[in-house]
Amino acid sequence: MVYPLLTEARATGKKLLAVLIDPDKARRDNLRQLADYANAGNVDVFLWGGSLVNAPQAEYYLKLLKSSLNGTPIILFPGSVYQLDAQADALFLLSLISGRNPDLLIGRHVQVASRIKQMKLEAIPTGYILIDGGKPTSVSYMSNTTPIPADKPPIAAATALAGEQLGMKVIYMDAGSGAQHPIAGKVIKAVRNEVGLPIVVGGGIRTPARAALALEAGADMIVVGNGLEKDSNWLPELAAAVRAASTSDPELKTAGAGVHDK
Ligand code: 1GP
């Protein structure tokens, strides 16, 4: 079971780092390097998915990653119904609750419900909320939905609360991959104060300082994708910032806040 990792984070203040891998952009050497970092304790969770996945070798890459890891869980983060894979440990079963596209609120879920059951995948009902990150992103275009304006924390908070009332188990706030601006601290804070669910934040986090800001505003887990695709050498520095945000030790916290913005 992967979900308890998230509830424990919310309950204890332990902060988590998730690395998102887009199977279309995966490379063998990069996967091995990321796995080595994870095995050294620098990654808590891998997310696996993308807006478009066409790579015929996606399944093979997932197998390669899984077999290189000493237990770091892999959660599917699917951009389409074609991205289910029983090799993963769990699935973020996304409902795009910031949008009004019925297909992404219930339609696609009906299409894959039986397959999820057959695969015995741990499905984690996830209220997926897009927040404007300063430019159109693949996810806003592909989902045909409008993100919540970045300067409207109350709308984000009410959306998250509705998601919690509907039975979602996680809130994932995303500015979209490669977002110009990551989600502002005040939006994260507003959502944090409104719901008791684990909060995942991603999109545009490309520096340890941005990671620290999101975590200090109330994210329990941050997701970094783009920023590690070409160069993952800064992952230990990122992981250190996440660990520093976890601790209640003020000295370590200061060390985390001092990390430079790349
Ligand atoms: C996108 O939250 C993820 O869905 C990660 O975004 O690729 O910008 O890190 P980045």
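As shown above, the structure is provided for reference.
Every value quoted in this text rests on a predicted model; they were computed, and no experiment measured them. (Residues numbered from 1 in each chain as written. Predicted model: local features only at pLDDT ≥ 70, side-chain atom pairs only at ≥ 80, totals over all residues. Heavy atoms only, no water.)

> Tell me about the packing of aromatic side chains, and please be specific about residues and values.
Taken as a whole, this structure holds five aromatic pairs when the rule is applied. Between the aromatic rings of F77 and Y128, the centroid separation amounts to 5.7 Å while the plane-to-plane angle is 85°, which identifies the pairing as edge-to-face. Taken as a pair, F77 in the loop between β3 (74-76) and β4 (90-96) and Y128 in strand β5 (residues 122-130) lie far apart in primary sequence, 51 residues in all. Judged by its relative accessible area of 10%, F77 falls in the buried class. (Phe/Tyr/Trp six-rings, centres within 6.5 Å; stacked < 30°, edge-to-face > 60°. Helix = DSSP H or I, 4+ residues; strand = E, 2+ residues; numbered from the N terminus. Buried < 20%, exposed > 50% of the residue type's maximum accessible area, 1.4 Å probe, protein only.)

> With reference to specific residues and values, describe the layout of surface pockets.
Estimates place the volume of the largest pocket at around 960 Å³. Around the largest pocket sit 50 residues that line it, and G50, S51, P78, G79 and V139 are the ones nearest its centre. Among the secondary structure elements, those contributing two or more residues to the lining of the largest pocket are β4, α4 (102-119), α5 (138-143), β6 (170-174), β8 (221-224) and α9 (226-229). Ranked by residue count, the leading element in the lining of the largest pocket is α4, at six residues. Residue composition of the lining of the largest pocket, by class: 23 nonpolar, 19 polar and eight charged. Reported here for the second largest pocket is a volume of approximately 240 Å³. (1 Å grid on protein atoms, 1.4 Å probe; cavity = no way out; pocket = protein on both sides within 12 Å on 5 of 7 lines; lining within 4 Å. Points joined across faces, edges and corners; volume = space filled by probe spheres on them. Nonpolar A, V, L, I, M, F, W, Y, C, P; charged D, E, K, R; others polar.)

> Help me get a handle on the site of the ligand, residues and values and all.
The full set close to the ligand counts 13 residues, and D174, S177, G178, G225 and N226 are the nearest of them. At a separation of 2.5 Å, an oxygen atom of the ligand approaches a polar side-chain atom of D174. A distance of 2.7 Å separates an oxygen atom of the ligand from a polar backbone atom of G178. About the coverage of the ligand: the protein hides 97% of its 310 Å² of free accessible area. When atoms are counted within 2 Å of each cavity's grid points, the one that captures over half of the ligand is the largest pocket. (Near = heavy atom within 4 Å. Polar contact = N/O pair within 3.5 Å; in protein donor to acceptor, adjacent residues only side chain to side chain. Areas by Shrake-Rupley, 256 points an atom, 1.4 Å probe, with all protein chains shown as cover. Sits in = over half its atoms within 2 Å of the grid points.)

> So what about the side chain of N101? Which residues, and what values?
Mapped onto the elements of the fold, N101 is located in the loop between β4 and α4. For N101, a relative accessible area of 17% puts it in the buried group. For N101, the contacting residues outside a window of four places in its chain are S143, N144 and T145. (Contact = heavy atoms within 4.5 Å.)

> So what about the sheet that holds strand β1 (residues 16-21)? Which residues, and what values?
Spatially, eight strands are ordered β1-β2-β3-β4-β5-β6-β7-β8 in a closed barrel, and the strand pairing comes out parallel. For this sheet, the mean angle separating the axes of adjacent strands, direction not counted, is 30°. Pairing geometry for strand β7 (residues 199-202) and β8, over three bridges, is parallel. Across the sheet, V200 pairs through a bridge with M221, a residue of β8. (Pairing = 2+ DSSP bridges. Axes fitted to C-alpha atoms, helices over the stretch in contact; angles between N-to-C directions.)

> Residues and numbers for unusual backbone geometry, please.
One non-glycine residue, K120, adopts positive backbone phi at about 55°. Tracing the chain through its elements places K120 in the loop between α4 and β5. At N144, a position not held by glycine, the phi torsion is positive, near 55°. Within the fold, N144 resides in the loop between α5 and α6 (153-165). Of the residues examined, N144 reaches a relative accessible area of 66% and is grouped as exposed.

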